[in-house]
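Reading the structure
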Amino acid sequence: MTGQPAPAGRSATGVGHRSGLSKPVLAWAAWDCGSAAWNAVVTTFVFTVYLTSSSFGGKNETSTTLGAGLTIAGVLVALLAPVIGRRADRAGRGKRWLAVHTVVVVAMTAALFFVRPTPSMLWFGVGALAVGTLFFEFASVNYNALLTSISTPSTIGRVSGLGWGAGYLGGIVLLLILLLGFIQPDVGLFGVTDQDGMNIRVAMLVSAAWFALFALPVFRSVPERATITVSGTSGASGQVRARGLSGLVAAYRELWETLSDLARHHRTTLYFLGASAVFRDGMVGIFTFGGVIAAGTFGFSTSSVIMFGLVANVVAGVATIVGGYLDDRLGPKRIIVGSLVCMIVAGVGIFLAHDRGPGLFWVLGLLLTVFVGPVQSAARSLLARALPPGREGEIFGLYATTGRAVSFLAPLAFSVSIGIGVAVLPDGAEAQHWGILGIVAVLLVGLLLVLPVSPPHGYSARDTDRLGCGADQA
């Protein structure tokens, strides 16, 4: 059966919750809490730091290899994520594919247990990390697309912010468990020590269990998104029924038709999709490589990196909540532009002060994390206000996929910048800190792209009956 998106002012469950809190919302946010196992532990503060340590080779080699592996994963995301998300949306099987992709990520997290601290395991670790990253991005496509099933036009910003906040809180709790239970003690829980990297490796098993546990509620309490009818797409009712290669070609053809329609009638929306994809990837780069730079350039120990991660998650969580209220008062574009400027300044400061010790990184690194959550929340909020009427589910799915489609930019810029540093510095000099300039470059490009975007006309924070307008129609 082919359904329609929920009408404005009501959630897909048929109940409008003005507070934004309900059982489906909390269950949806729980998945984000569980995803901290991948975002905070694996890709940011623990495993990537472990994988780029001296046990696996020189700093330049390990950092470049990590960047290359994530670049390959990002390219595959760019090629596959848009059609994977679109086909699941049309078939009404978003939750099923969310489950499949989540299982793969949990399995890859557990597989990291086998990465022993030896150079011969570097590529295995990077490979497992790349596969996990690929399927985490696929899972995020389906997860984000569920947002319109559990929120109303008056609560979509708060619900989105709750998801981001739950992710930060999950990161805090899980990092504390790992730090106090396994990483910091000489002899941790179950007699685990740091011999043969066992404390980090066991932490990966705990992280896999954490993600699996918190992912369960979304499959029990969140309704499946209805399939939607989109005029102008190929196939009856706009659904992809073909299988195999022909089905993949048809999916790309439908995606192109959607983009063409946006280019003709909703150019501002299409332009913002592209601009936000760039600066969002820059923010992903900050968390992916922040811990690597803290350890390799500023001399943070594993415990210090985790402590920084704990404080950073607290700061980011509070800032995201505050940013949501400022979004309603100042408008999302001002939040985005102001935050990106501050992040660029802080990033340049980290590069210039790379030899000043860990104290300065604490200040500038936390300044970076203050603005990550508000930018992400405001970007989703701005798009919600600019949605073409009646196209909410489709465009939010496209928003999710475009962000993933350019997820190779930050890893590529990070690796290339280190390569430039190696070329210009004296032989044998450490060039890892040059990687931050690559991340800053991605943020700068995103800022320049978002500056021309015009916020939706006629929107009032009190106007909860309608989020979008067709003001940018041709």
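Thresholds, definitions, all that
Residues numbered from 1 in each chain as written. Predicted model: local features only at pLDDT ≥ 70, side-chain atom pairs only at ≥ 80, totals over all residues. Heavy atoms only, no water. Helix = DSSP H or I, 4+ residues; strand = E, 2+ residues; numbered from the N terminus. Buried < 20%, exposed > 50% of the residue type's maximum accessible area, 1.4 Å probe, protein only. Contact = heavy atoms within 4.5 Å. Areas by Shrake-Rupley, 256 points an atom, 1.4 Å probe, with all protein chains shown as cover. Axes fitted to C-alpha atoms, helices over the stretch in contact; angles between N-to-C directions. Left-handed = near helix turned anticlockwise from the far one by under 90°. Nonpolar A, V, L, I, M, F, W, Y, C, P; charged D, E, K, R; others polar. Parallel < 35°, antiparallel > 145°, perpendicular 65-115°, else oblique. pLDDT = per-residue confidence, 0-100. Phe/Tyr/Trp six-rings, centres within 6.5 Å; stacked < 30°, edge-to-face > 60°. Lys NZ or Arg CZ within 6 Å of the ring centre and 35° of its normal.

1. A few points about the overall build of the protein chain
The helix and strand tally for the protein chain stands at 16 helices and zero strands. A total of 474 residues make up the protein chain; the buried ones form 58% of that total. Pairs at least 24 residues apart make up 84% of the contacts formed inside the protein chain by residues separated by at least 6 positions. Accessible surface, the protein chain: about 18500 Å² in total, of which carbon and sulfur atoms supply 66%.

2. Some details on the packing of helix 11 (residues 302-330) against helix 13 (residues 358-385)
Where helix 11 contacts helix 13, the two axes come as close as 7 Å, and the packing angle between them is 40°. Considering only the axes of helix 11 and helix 13, their crossing is right-handed. Of the residues in helix 13, those touching helix 11 at Ser304, Met307, Phe308, Val311, Ala312, Val315, Ala316, Ala319, Thr320, Gly323, Asp327 and Asp328 are Phe361, Trp362, Gly365, Leu366, Thr369, Val370, Gly373, Pro374, Ser377, Ala378, Ser381 and Arg385. For the contact of helix 11 with helix 13, the per-class residue count stands at 13 nonpolar, eight polar and three charged.

3. Describing the packing of helix 12 (residues 332-352) against helix 13
For the pair helix 12 and helix 13, the least separation of the axes is 8 Å and the interaxial angle reads 155°. The angle between the axes of helix 12 and helix 13 places the two elements in the roughly antiparallel class. Crossing hand, helix 12 versus helix 13: left-handed. Considering only residue class, the contact of helix 12 with helix 13 consists of 19 nonpolar, five polar and two charged.

4. Section: the confidence of the model for the protein chain
Taken residue by residue, the protein chain gives an average pLDDT of 79. The fraction at 70 or more is 80%. A low-confidence stretch, residues 230-242 stays under pLDDT 50, and its non-local contacts, those more than four residues away or across chains, total 32 contacts. Across residues 458-474, confidence stays below pLDDT 50; counting only partners more than four residues off in sequence or on other chains, it has 37 contacts.

5. Describing the packing of aromatic side chains
Within a pair of aromatic rings, the relevant descriptors are the distance that separates the centres and the angle that separates the planes. In total, this model carries 19 aromatic pairs according to the counting rule given. Residues Trp31 and Phe211 carry aromatic rings whose centres are separated by 5.4 Å and whose planes lie at 70° to one another, so their mutual orientation is edge-to-face. Taken together, the residues span a long stretch of sequence, with Trp31 in helix 1 (residues 23-45) and Phe211 in helix 8 (residues 198-221) at a distance of 180 residues. An aromatic cluster is built from Trp28, Trp31, Phe136, Tyr143 and Phe211, whose rings are joined through pairwise contacts. The lysine or arginine in question, Arg201, covers the ring of Phe113, its NZ or CZ lying 4.8 Å from the ring centre.

6. What to know about the side chain of Lys95
Among the secondary structure elements, Lys95 is positioned in helix 4 (residues 94-111). Taking the relative accessible area as the measure of exposure, Lys95 reaches 15% and is therefore buried.

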